Amino acid sequence: MKRRSKRNICLAISLVAILLLLLCEIFGFSSLFGESIDSDTAFALDMIATRALGGTAFLAMLINLGYKVLDPFKSPFWKSIVFAIPAFVIAINNFPFSQVLKGEAYVTKEWWAVALLLLECMCVGFFEEMAFRGVVFLGFLKRDPENRLWAFVSIAISSVIFGLVHLINIFESSPLAVLMQIGYSALIGAMCAVVLMKSANIWLCVVVHGLFNFCGAVIPRCGGGEIWDTFTVVLTVIVSVAVAAWFVFVFIKGKFDKIKDVYK
C-alpha cells in the first residue's frame with residue numbers, strides 16, 4: 001500500500017507539472033506580467049517556468065523509479081566534488097575570459113538580468129539532467145550497471161539522443177550552428193553521465209550543465225562584443241582534449257563502486 005501511495009503521488013506530481021508546462025508553452029508564463037517587462041526578461045521567465053516544471057516532472061519519475069541519485073550531499077561528497085573538478089573546468093572555460101579582459105567582450109545589463117539568466121540556465125540544466133541522465137541514461141544502464149561495455153553503450157545512446165534533441169533549434173539558427181550544438185551537447189552529456197556513474201549524485205550534473213550554459217550565454221544575452229579570439233580557441237581545444245582524455249581514462253580504468261547501489 002505504501003509503495004502504491006508513493007507511486008500515485010509521483011504520478012500526480014508529474015501530470016500536474018506537465019499540464020502546467022503545456023499551459024506555459026501555450027499562453028506564456030510571462031503573460032502574467034503583462035507589458036511591464038521587456039522581451040528578453042519575458043523569454044527568461046518563460047524558460048525558467050517551463051524547464052522548472054519539466055524538471056519537476058522527471059524528478060517525480062526518478063523518485064518513483066527509486067534510483068538513488070537524488071541526495072545532494074551523498075557520501076563521499078567531497079571526493080565526488082574533487083572528481084567533478086575537470087567537468088567544472090569545462091563549464092567555466094565556456095566563458096570568454098580573454099576577450100573580457102581585453103575589453104572586446106562585455107556585460108551591459110544590470111545584475112538582476114544576469115542573475116535571471118543564471119537561474120534560467122540552472123533550470124535548463126535541472127530539466128535536461130533529470131530527463132537525459134536521470135531517466136534515459138539510468139534507464140538504459142539498469143540492464144547491467146556493472147558491465148563496462150554496456151555502460152559505454154548506455155552513455156553513447158543517451159548522449160546521442162540528447163544531442164539530436166537540439167535539432168529543434170534548426171528553426172532558430174543556422175545548420176552549422178545547430179550541428180555544432182548537437183556535437184558539444186552529446187559530449188557534455190557523456191561527461192555528465194560519467195560524473196553521475198562515479199558520484200551517484202545527479203545534482204553535480206545539474207550544476208555543471210547549468211554553469212556551462214550560463215558561461216556561454218552571459219555575453220551574447222547580457223552584453224556584446226566579440227567572443228572568440230585565437231587564445232580562446234586554442235585554450236578551449238587544449239582544455240577539451242585534456243578533460244576528454246581524463247574522463248576516458250577514468251571510465252576505462254576507474255572504479256564505479258556506487259553505481260550498483262543506485263538501483264537497490
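Conventions used here
Each chain has its residues counted from 1, following the order in which its sequence is written. Reporting of local features is limited, given that this is a predicted model, to residues whose pLDDT is at least 70; pairs of side-chain atoms are given and counted only at 80 or more, and all residues count toward the totals for whole chains, interfaces and linings. Side-chain measures were taken over the full set of non-hydrogen atoms in the model, leaving aside hydrogen atoms and water. In these notes, a set of buried Ala, Val, Leu, Ile, Met, Phe, Trp, Tyr and Cys residues joined through side-chain atoms within 4.5 Å is what counts as a nonpolar core. Throughout this description, buried means an accessible area under 20% of the type-specific maximum (1.4 Å probe, protein chains only), exposed means over 50%, and partly exposed covers the range between. For the purposes of this entry, the term helix denotes a DSSP run of H or I that reaches at least four residues, the term strand denotes a run of E that reaches at least two, and both are numbered from the N terminus. Lines fitted to the C-alpha atoms define the axes, with helices restricted to the stretch that makes contact. Angles between their N-to-C directions range from 0 to 180 degrees. Working definition: roughly parallel below 35 degrees, roughly antiparallel above 145 degrees, roughly perpendicular at 65 to 115 degrees, and oblique for all remaining angles. Crossings are classed by handedness, with left-handed meaning an anticlockwise turn of the near helix from the far one by less than a right angle and right-handed meaning a clockwise turn. In this analysis, two residues are considered to be in contact whenever any of their non-hydrogen atoms come within 4.5 Å of each other. Gly falls in the polar group here, along with every residue not listed as nonpolar (Ala, Val, Leu, Ile, Met, Phe, Trp, Tyr, Cys, Pro) or charged (Asp, Glu, Lys, Arg). For Phe, Tyr and Trp, where Trp contributes only its six-membered ring, two rings pair if their centres lie within 6.5 Å, and the inter-plane angle classes them as stacked under 30 degrees, edge-to-face over 60, or tilted in between. Note on criteria: charge over ring means Lys NZ or Arg CZ within 6 Å of the ring centre, with the direction from the centre no more than 35 degrees off the ring normal.

Asks: Can you help me understand the nonpolar core in this one?
Replies: When a protein is soluble and globular, its nonpolar side chains tend to lie buried together. Judged by nonpolar contacts, the single largest core of 52 residues is most densely connected at Leu138 and Met197. Among the elements of the structure, helix 3 (77-92), helix 5 (111-141), helix 6 (148-165), helix 7 (175-199), helix 8 (202-222), helix 9 (230-253) and helix 10 (259-262) are those that each provide at least two residues to this core. Judged by nonpolar contacts, the second largest core, of five residues, contains Ala44, Leu45, Ile48 and Cys123.

Asks: Honestly, the packing of helix 7 against helix 9 in this entry has me stumped. Any pointers?
Replies: Between two packed helices, both the angle of their axes relative to each other and the distance between the axes serve to describe the pair. The contact between helix 7 and helix 9 brings their axes to 11 Å, and the two run at 40°. Viewed along their axes, helix 7 and helix 9 adopt a mutual orientation that is oblique. In the packing of helix 7 onto helix 9, the handedness of the crossing is left-handed. When helix 7 is examined against helix 9, the residues Met191, Val194, Val195 and Met197 are found in contact with a partner set consisting of Val243, Phe247 and Phe251.

Asks: Mind showing me how you'd approach the packing of helix 2 (residues 39-65) against helix 5 here?
Replies: In contact at an axis separation of 8 Å, helix 2 and helix 5 are set at 30° when each is read in the N-to-C sense. Considered as vectors, helix 2 and helix 5 are oriented roughly parallel to each other. Taken as a pair, helix 2 and helix 5 cross one another with a handedness that is left-handed. Here the residues of the contact of helix 2 with helix 5 sort into 20 nonpolar, five polar and two charged.

Asks: Help me understand the packing of aromatic side chains in this model?
Replies: Both the distance between ring centres and the angle between the ring planes are used here to describe each pair of aromatic rings. All told, the structure shown has twelve aromatic pairs when counted by the stated rule. Where Tyr184 meets Phe212, the ring centres are 5.9 Å apart and the plane angle is 55°; that geometry is what we call tilted. With Tyr184 in helix 7 and Phe212 in helix 8, this residue pair connects regions lying 28 residues apart in the sequence. A network of ring pairs unites the aromatic residues Phe73, Phe77 and Trp78 as a single cluster. If you follow Arg148 out to its NZ or CZ, it ends over the ring of Phe251, 5.8 Å from the centre. Directly above the aromatic system of Phe83 lies the positively charged group of Lys198, at a separation of 5.9 Å from the ring centroid.

Any functional reading would require information beyond the geometric quantities listed.
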